[in-house]
Amino acid sequence: MVQLVGSLRKELADSLSACRVLVVGAGGIGCELLKNLVLTGFKNIEVIDLDTIDVSNLNRQFLFQKKHVGKSKAQVAKESVLQFCPTANITAYHDSIMNPEYNVEFFRNFMLVMNALDNRAARNHVNRMCLAADIPLIESGTAGYLGQVTVIKKGLTECYECQPKPTQKTFPGCTIRNTPSEPIHCIVWAKYLFNQLFGEEDADQEVSPDTADPELSWNPADTEARATASDQDGDIKRVSTKDWARSTGYDAVKLFNKLFKDDIQYLLTMDKLWKKRKAPLPLDWLEIQKLACPQEVTGTGLKDQQVLGVAGYSQLFSRSVETLRSMLAEKGDGAELVWDKDDPPAMDFVTAAANLRMHIFSMNMKSRFDIKSMAGNIIPAIATTNAVIAGLIVLEALKILSGDVEQCRTIFLNKQPNPRKKLLVPCALDPPSANCYVCASKPEVTVKLNVHKTLVLALQDKILKEKFGMVAPDVQIEDGKGTILISSEEGETEANNSKFLSDFGIRHGSRLQVDDFLQDYTLLVNVIHCEDLEKDVEFEVVGDAPDKAPTPPSAQEDKNVANGNKESAEPSTSSKAPAEQDDVLIVDSDEEEPSSSTMDVRMESGGHKRKLHDAETGEASAKRQRLDQPLAANEEDDDIIALD
């Protein structure tokens, strides 16, 4: 056993060996954290992770080896960690922490919970469970060279959801379907196409030309003639994409000509779209095979970093369609495939389809590596960042177990040193927000929607589950009768799903009592009826923060940073990265695609306050006053280089 000896006072060492802790997540941060815990002296650890080990994990999740690919992360992590400390008592769960089995009573078994998660839904859930159980939670995350650790304690600090988080950034359907102008538009289109052909069809993910485009204007007679120009190699009939593909036997050539020739010709008939844009250029399968060389590549280095020619991507498209067709057939009638960036055939399909569409719309094509990064909404994870953050989690855990919760800090790991030559910047924890709809004494929220157009199912899935992070909500209308609108008991209120809220007497000013018994969470929802919401907006939460990044500080502000009673904290020069990254902490905000992960300084009433631009969601974190005390760990900044 290589456990550290003599580094902790006896009382604390005894506390570590006796306390029971829960680690949620056994990935990049989780592996480093589990190793740190047993080496520090923790003996009773439970770890839960639903994921299995993939080859792509092996470059940074050092508890795993090639022989472990396909096995449970939690179980293998347990076995590997026991080699460091055979006397440790570790329990592994290959399961989702959101399973009802892991209720409030389960969380009350622990003195401390440590998150090492990679998605907001699970973070929201663990946050609520720890609040309900009144157990301290250490939240963490990394994004490339950036990292963050914070402590959440009921009644003492902000909870994970105290700061409003912007909704996931989306692109207008007409942009995706008709007028893509950036590679990401083509990648989103290709992912939609995968679902339409092989996965779960979603009306919001249509890929055919959008005839309702507000810019649309064309000659109907000409359109009719051109839209029916090809009835042999895939026509333009407005039928289900999946049904049409099945009718062709998933013929790759017919699919190619429909998607990249006929649909593009159809777009060209919408002449108003191309008055100020470069018109797209249709591709024909036979012409490409005659004129181009499939082996044409640009770029050097690894295969995934090379860019093929149009012919090469045409062949890749054909091969991937055939592979996915076979996979779908093996699953049987009515089966569906699920998009996974780590599934080679799925990634081949999206790479080929996205690049062909980029070529059609005169964009430079991208390598498979670049497309995977954007399609999976990830930044390359860096092992050193995970190691630093895992070490900071343990330091905060030691403070909690010593009874010094007040000494806990939010700690930011920057890409470059600040003026004091520190990469690690500790900041005071903020108190709970009085307006938080999760940790306030009486959580309450106001939602603006059209009661005549909002279905009960939309209230349940899009508002309560997706927006407010509930798992199994029960909804009662405060109408004096106690009408049950939604029940978490299966089948009890399913008949209500297809009805509008107004059918139950819900109107402007109505109040809904919402309970999630799994999370031990109650929320009062005030309804505001509104008939003039923006296009494609189903509801608005009154008081939500705008989805925009904080304004960068001026050069003059940067120069004014000084010692004394003014806090100093310069902005890091972290590079821009695609949003919603894995292992990203969203202590301050959340869910989708920010253009950058920047930390900046803002001048505020006599003191400098620092904001972390949330890497996962693009939202700025709450202002946290910086402390003068340097963090004990990593005092010499030069020892940490390029910490992702």
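Provided above is the structure to which this section pertains.
Computed from a predicted structure; not experimentally measured.

Outline the side chain of Lys153, supporting the account with residue identities and numerical values.
When you line up the elements, Lys153 lands in the loop between strand S6 (146–152) and helix H6 (173–177). In terms of polar contacts, Lys153 uses its side chain to reach the side chain of Asp134, at 3.0 Å.

Run through the nonpolar core, naming residues and quoting values.
Within the largest apolar cluster, 54 residues are counted, with the highest numbers of intra-cluster contacts made by Trp189, Phe198, Phe260, Phe317 and Phe349. For this core, the secondary-structure elements that each account for two or more residues are helix H7 (183–198), helix H9 (241–247), helix H10 (252–268), helix H11 (285–291), helix H12 (310–331), helix H13 (344–360) and helix H14 (368–375). Setting aside anything within four residues of it in sequence, one finds Phe198 in contact with Lys242, Tyr250, Val321, Leu324, Arg325, Leu328, Glu336, Leu337 and Phe349. Grouped together as the second largest cluster of nonpolar side chains are 51 residues, Tyr102, Leu131, Ile152 and Leu485 included.

Tell me about unusual backbone geometry, residues and numbers included.
With a phi angle near 60 degrees, Ser362 is a residue other than glycine that sits in the positive phi range. Tracing the sequence through the fold places Ser362 in the loop between H13 and H14. Phi is positive for Asp520, close to 50 degrees, though the residue is something other than glycine. In this structure, Asp520 sits in the loop between strand S14 (511–516) and strand S15 (521–529).

Break down helix H16 (residues 456–467) for me, with residues and values.
All buried positions along H16 are accounted for by Val456, Ala458, Leu459, Gln460, Ile463, Leu464 and Lys467. The elements touched by buried residues of H16 are strand S11 (444–449), strand S12 (473–477), strand S13 (483–486), S14 and strand S16 (539–541). Two residues or fewer past H16, Gly469 is found with a positive phi of approximately 70 degrees.

Any details on the side chain of Thr385? Residues and values, ideally.
For Thr385, the location among the structural elements is in helix H15 (residues 383–401). Of the polar contacts made by the side chain of Thr385, one reaches the backbone oxygen of Gly144; its length is 3.0 Å.

Give me the sheet that holds S6: which residues, what numbers.
Two strands in a sheet stick together by hydrogen bonds in their backbones, pointing the same way (parallel) or opposite ways (antiparallel). Read across the open sheet, the eight strands follow the order S3-S2-S1-S4-S5-S6-S9-S10; overall the sheet is mixed. In the strand order of this sheet, the two ends are held by strand S3 (89–93) and strand S10 (424–428), each with one partner. Across the sheet, the mean angle from the axis of one strand to that of its neighbour is 15 degrees, orientation sign disregarded. By the bridge criterion, five bridges tie strand S2 (residues 44–48) to S3 in an arrangement that is parallel.

Any details on the pattern of salt bridges? Residues and values, ideally.
For the structure on display, the rule yields 21 salt bridges. Two residues, Glu46 and Arg20, come together in a salt bridge whose shortest N-O distance is 2.3 Å. Residue Glu46 is found in strand S2, and its partner Arg20 is found in strand S1 (residues 20–24); the two are separated by 26 residues along the sequence. Looking at Glu46, the relative accessible area reads 5%, which means it is buried. On the basis of relative accessibility, which here comes to 32%, the residue Arg20 falls in the partly exposed class.

Which residues make up the environment of Ser402, and what values go with them?
Mapped onto the fold, Ser402 is located in the loop between H15 and strand S9 (409–413). Given a relative accessible area of 23%, Ser402 falls into the partly exposed group. Spatially, the C-alpha atom of Ser402 lies 6.4 Å from that of Leu12, the residues being 390 residues apart in sequence.

Give me the packing of H7 against H14: which residues, what numbers.
Any two packed helices are characterised by the angle at which their axes cross and by the distance between the axes. In contact at an axis separation of 10 Å, H7 and H14 are set at 75 degrees when each is read in the N-to-C sense. Of the possible angle classes, the one that applies to H7 and H14 is roughly perpendicular. Taking contact as the criterion, the partners of Ile184, Ile187 and Lys191 in H7 are, on H14, Ile371, Met374 and Ala375. For the contact of H7 with H14, the class distribution of residues is five nonpolar, no polar and one charged.

Pulling in residues and values, what's your account of the sheet that holds S16?
What the six strands build is an open sheet, ordered S13-S12-S14-S15-S11-S16; its pairing is mixed. Pairing within the sheet leaves two strands with one partner each, and these edge strands are S13 and S16. Recorded for the sheet is a direction-independent mean angle of 30 degrees between the axes of neighbouring strands. Here six bridges tie S11 to S15, and the two strands are oriented parallel to one another. Bridge pairing in S15 links Val447 to Val527. Its contacts with the sheet put H16 on S11, S12, S13, S14 and S16, and the angle it makes with S13 is roughly 70 degrees.

What counts as what
Residues numbered from 1 in each chain as written. Predicted model: local features only at pLDDT ≥ 70, side-chain atom pairs only at ≥ 80, totals over all residues. Heavy atoms only, no water. Helix = DSSP H or I, 4+ residues; strand = E, 2+ residues; numbered from the N terminus. Polar contact = N/O pair within 3.5 Å; in protein donor to acceptor, adjacent residues only side chain to side chain. Core = buried A, V, L, I, M, F, W, Y, C linked by side-chain atoms within 4.5 Å. Buried < 20%, exposed > 50% of the residue type's maximum accessible area, 1.4 Å probe, protein only. Contact = heavy atoms within 4.5 Å. Pairing = 2+ DSSP bridges. Axes fitted to C-alpha atoms, helices over the stretch in contact; angles between N-to-C directions. Salt bridge = Lys/Arg side-chain N within 4 Å of Asp/Glu carboxyl O. Parallel < 35°, antiparallel > 145°, perpendicular 65-115°, else oblique. Nonpolar A, V, L, I, M, F, W, Y, C, P; charged D, E, K, R; others polar.

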